[in-house]
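Coordinate analysis (summary)
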2 protein chains.
Amino acid sequence: MKREKLLMTPGPTMVPPSVLKVMSAQIIHHRTAAFVAEYEQLEENLKELFDTKNMVLMFASSGTGAMESAIVNMFSPGDKVLAVSIGSFGDRFAEISSVYGLDVVKLAFEWGEAADVNKIKEILDADTTKEIKAVIMTHNETSTGVTNDIEAVGKLTKDTDRLFIVDAISSMGGIQIKTDEWGIDVVVTGSQKGLMCPPGLAYASVSDKAWEACEKSTLPKFYFDYKKYRKGFLGQGENPPFTPPVSLMLGQAEALKLMKDEGFENVFARHASLALAAQAGVAALGLELLCAQVNSSNIITPVKAPEGIEIGKVIKTMNEKYDVIVAGGQKHLKGKIFRIGHCGYADRFDLARGFMALELSLRENGYPVELGSSLAALQKSLG
Amino acid sequence: MKREKLLMTPGPTMVPPSVLKVMSAQIIHHRTAAFVAEYEQLEENLKELFDTKNMVLMFASSGTGAMESAIVNMFSPGDKVLAVSIGSFGDRFAEISSVYGLDVVKLAFEWGEAADVNKIKEILDADTTKEIKAVIMTHNETSTGVTNDIEAVGKLTKDTDRLFIVDAISSMGGIQIKTDEWGIDVVVTGSQKGLMCPPGLAYASVSDKAWEACEKSTLPKFYFDYKKYRKGFLGQGENPPFTPPVSLMLGQAEALKLMKDEGFENVFARHASLALAAQAGVAALGLELLCAQVNSSNIITPVKAPEGIEIGKVIKTMNEKYDVIVAGGQKHLKGKIFRIGHCGYADRFDLARGFMALELSLRENGYPVELGSSLAALQKSLG
């Protein structure tokens, strides 16, 4: 029997049926009361999710577009920034900064490690002339399954003139972010991971300090110009300024309602317990995490490929024979790890299906497995 | 009885049921054979629609993002361009060019007029030192319902070093464009008008001459960097480079199949005959077009508000009482015109519903109407 594919990837993630249903309705026009009501409700729920009083801007774009938006709206050519990278997406944020002519101080850590906050503090402390205008970093590094301690970094920048810009594309909705309390000036994310919607929408929250920076920024922008999006919310122009992806936005509005009904705190707790269960399942199979358990992500679990096993084949078996899609490693981690996503619309039953497929696929590709051992471990972990 | 709203707006336009159905299926992953097959088929069908051998790049973005992409990929600061505007969207293209530091020669015509090709020729001929690197213009100006003769303009640039960049956001799919034959170097469009899909996807075709310009362009770009998108098609990188809006792309693939089944030539002919029928309906009601009939768009019919009638109220009645949405005028044409869309998934029955609602709403707001007169005219026109 063939089943629908189960995506246990870092994104896109599974979309709840009621979200799909909303998106399958005939399109409505975006300059109508019906749309505006949903749009404004979505804005309010996004603020609650982000835990912020800041405006959350919405773009028709992938997450990368929102990362770019943060750079072009906050800075001018030559501005010095500290870009912290622990993997592929941290590298991307640094690269975008360089492309736009910023003076990038890059602080890179070994893939599989979390950023050392002391190292960040040292660099900022040594910058006595305050040339570094911002710290730019990834919250959850999808490529390695490692989560950074952005709360600690926020303390370094909060009561200073420096901006703190966070890529929360894979974490928002899965891992709690206290945007205002932690002093994050721009948080960017996308619709297709913790937010349980198809890809194509991206978001950016903008603090007062960030709006001040926006006023000074000389980098050219039009499509991602924050001020154009703010105008609408201030009643000074059409809202949104450009034709929005209506069906995705209505789907996103529905997904946020589902999350709110569950309770955002409960959503975060569900992700945390799924991560612990996945870690228990991995251990029960005699496999190792790529990173220290304390840094392992609540939305994706990175696992080292067992010695002598071609992990690409295991991933292929999971997909083709058992219809469960997990991700391999990126760049130099290709063939060396696999990553089990448990993000967004995911619960213990999905995790169990994933581990059943994993057990079978490992065994079929030469790795000895005591069938059911990981299932018992994850069920026990979840309690 | 309340009916589903009929959008007779310039976009979004109605989405065919089979497209909605495709988008209501559970999400699939974009790095799978199933997605890639649809993506490659979509690319082939887009090329056929654009009538080009050029690559057609796809972005998660509104149409405005694709307009911006053409500017940032083709030019360097200070480059001189001729921006031809006959309305709001022509103004936007000129504004984007200015924001990115181009030296913009703007040739603007009265709203309601088509661009005078002789004036364009004069300017290009007078530029004996060939400082003007490109002509940038709108094919179909949505704000006024006027279509420009881009074939004639293409002849001025085709065998020269100058680029010809066309905003076909509202025309592509509704009005024939022979991209290669007419020598258009970059054609940008969006998913939500003639392409019968919800908004959120945008496209750009890129000629060999345009790729050469791309190599020389020094404007910074990342998310809209054409070379990143080309890499995937050349097998040199992940395709697409960033997480695509999977559900919209699958919907778009289905919509293109529907258009291909009908035959692209037949699709264009259907739009042309609907436009003539709408013009006949307008005349039967004693109303006037905003523009000369020869310039009136095949996808949207612009009509002058009758003397002494508050057209905003007519539009409101059509929407609230009869569930038909037409568009008013923009900027200085607000209150002076209304625009009847017949674009994409639209046929004579939709047009009849629109004119029934229009007749009733005009009458209820004080304009004398012989009921049925416009219906008879449009049915007769369509034959």
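Residues numbered from 1 in each chain as written. Chains lettered and ligands numbered in written order. Predicted model: local features only at pLDDT ≥ 70, side-chain atom pairs only at ≥ 80, totals over all residues.

Describing the overall build of chain A
- Looking only at helices and strands, chain A has 13 helices and 13 strands in total.
- Against the compact-globule benchmark of 21 Å for 383 residues, chain A has a radius of gyration of 21 Å, which places it among compact chains.
- Taken along its principal axes, the extent of the C-alpha atoms in chain A is 60 × 55 × 35 Å.
- In chain A, which comprises 383 residues, the proportion classed as buried is 55%.
- Restricting to contacts in chain A with at least 6 residues of sequence separation, those with at least 24 account for 71%. (Helix = DSSP H or I, 4+ residues; strand = E, 2+ residues; numbered from the N terminus. Rg over C-alpha atoms; globule rule 2.2 N^0.38 Å. Buried ≥ 20, exposed ≤ 12 C-beta atoms within 10 Å, placed from the backbone. Contact = placed C-beta atoms within 7 Å.)

Details of the relation of the copies chain B and chain A
- Least-squares fitting of chain B to chain A yields an RMSD of 0.0 Å, with the superposition described by an axial translation of 0.0 Å and a rotation of 180 degrees. In the structure described here, the two chain copies are related by an operation that fits a two-fold rotation axis.
- Of the residues that chain B buries at the interface, 100% are likewise interface residues in chain A, meaning the two copies contact each other through the same surface. (Least-squares fit on C-alpha atoms with pLDDT ≥ 70 in both.)

Looking at the interface of chain B and chain A
- Of the residues lining the interface, 42 residues belong to chain B; the matching set on chain A comes to 42 residues.
- Counting residues per element, the ones that place at least two in the side of chain B that touches chain A are α1 (17-23), α3 (63-74), α4 (88-99) and α9 (246-262) of chain B.
- Considering each element in turn, the side of chain B that touches chain A owes the most residues, four residues, to α3 of chain B.
- Residue composition of the side of chain B that touches chain A, grouped by class: 23 nonpolar, 15 polar and four charged. (Nonpolar A, V, L, I, M, F, W, Y, C, P; charged D, E, K, R; others polar.)

Quick word on the domain arrangement of chain A
All names here are of chain A.
- Looking at chain A, the domain boundaries give domain 1 (17-261) and domain 2 (263-382).
- Taking the mean C-alpha position of each, domain 1 and domain 2 sit 28 Å from one another.
- Secondary-structure elements contributing two or more residues to the side of domain 1 that touches domain 2 are α2 (33-50), β7 (146-147) and α9 (246-262).
- When grouped by side-chain class, the residues that make up the side of domain 1 that touches domain 2 number seven nonpolar, 14 polar and four charged. (Domains from an automatic or database assignment.)

With respect to the environment of aspartate 347 of chain B
Residues and elements named next belong to chain B.
- Its location among the elements puts aspartate 347 in the loop between β13 (337-341) and α12 (348-364).
- On the basis of neighbour counts, which here come to 12 C-beta atoms within 10 Å, the residue aspartate 347 falls in the exposed class.
- When the C-alpha atoms of aspartate 347 and asparagine 365 are compared, they prove to be 27 Å apart, with 18 residues separating the residues in sequence.

Quick notes on the sheet that holds strand β13 (residues 337-341) of chain A
All names here are of chain A.
- Ordered in space as β1-β12-β13-β11, the four strands form an open sheet in which the pairing is mixed. The sheet is open, and its two edges are formed by β1 (6-8) and β11 (300-304), each paired on a single side. Pairs of neighbouring strands in the sheet enclose a mean axial angle of 30 degrees, with direction left out of account.
- By the bridge criterion, three bridges tie β1 to strand β12 (residues 324-328) in an arrangement that is parallel. Paired with leucine 7 across the strands is isoleucine 325, a residue of β12. (Pairing = 2+ DSSP bridges. Axes fitted to C-alpha atoms, helices over the stretch in contact; angles between N-to-C directions.)

What to know about helix α6 (residues 150-157) of chain B
All names here are of chain B.
- Within the span of α6, buried status applies to Ile150, Val153, Gly154 and Thr157. Down the axis, α6 shows its buried residues gathered within 105 degrees of arc, on one side only.
- For α6, the secondary structure elements touched by its buried residues are α5 (117-126), β5 (132-138) and β8 (163-167). (Arc of directions from axis to C-beta.)

Topic: α9 of chain B
- Taking 1.5 Å of rise per residue, 17 residues should cover 24 Å, and α9 of chain B covers 25 Å from first to last C-alpha, within 8% of that figure.
- Most of α9 of chain B is tucked away: 12 of the 17 residues are buried.
- All of the buried residues in α9 of chain B are Val246, Ser247, Leu248, Met249, Leu250, Gly251, Gln252, Ala253, Glu254, Ala255, Leu256 and Met259 of chain B.
- Turning to α9 of chain B, the residues buried within the fold contact α1 (17-23) of chain A together with α1, α2 (33-50), β10 (201-206) and α10 (264-284) of chain B. (Expected span 1.5 Å × (residues − 1).)

Quick notes on the nonpolar core
- Of all hydrophobic cores here, the largest spans 248 residues; its most connected members are Val188 of chain A together with Val188 of chain B.
- Once you skip the residues sitting within four places of it in the chain, valine 188 of chain A turns out to touch Gly63, Ala66, Met67, Ala70, Asp167, Ala168, Ile169, Ala202, Tyr203 and Ala204 of chain A. (Core = buried A, V, L, I, M, F, W, Y, C linked by C-beta atoms within 7 Å.)

Focus: the sheet that holds strand β8 (residues 163-167) of chain A
Residue and element names in this part refer to chain A.
- Strand order in this open sheet of seven strands is β2-β10-β9-β8-β5-β3-β4, and the pairing throughout is mixed. Unpaired on one side and paired on the other, β2 (55-60) and β4 (103-108) mark the two borders of the sheet. Averaged over all neighbouring strand pairs, the angle between strand axes comes to 20 degrees, with direction disregarded.
- Where β2 and strand β10 (residues 201-206) come together, six bridges link them in antiparallel fashion. Bridging from a neighbouring strand, alanine 60 pairs with leucine 201 of β10.
- The strands touched by helix α7 (residues 208-216) within the sheet are β8, β9 (186-190) and β10, with β8 carrying the most contacts at an inclination of about 100 degrees.

A few points about the packing of helix α11 (residues 311-320) of chain A against helix α12 (residues 348-364) of chain A
Residues and elements named next belong to chain A.
- At a minimum axis separation of 9 Å, α11 and α12 run at an interaxial angle of 130 degrees. Judged by the inter-axis angle, α11 sits oblique to α12. Crossing angle aside, the handedness with which α11 passes α12 is right-handed. In contact with Val314, Thr317 and Met318 of α11, α12 contributes Ala357, Leu358, Ser361, Leu362 and Glu364.
- Each residue belonging to the contact of α11 with α12 can be placed in one class, and the counts come to five nonpolar, two polar and one charged. (Parallel < 35°, antiparallel > 145°, perpendicular 65-115°, else oblique. Left-handed = near helix turned anticlockwise from the far one by under 90°.)

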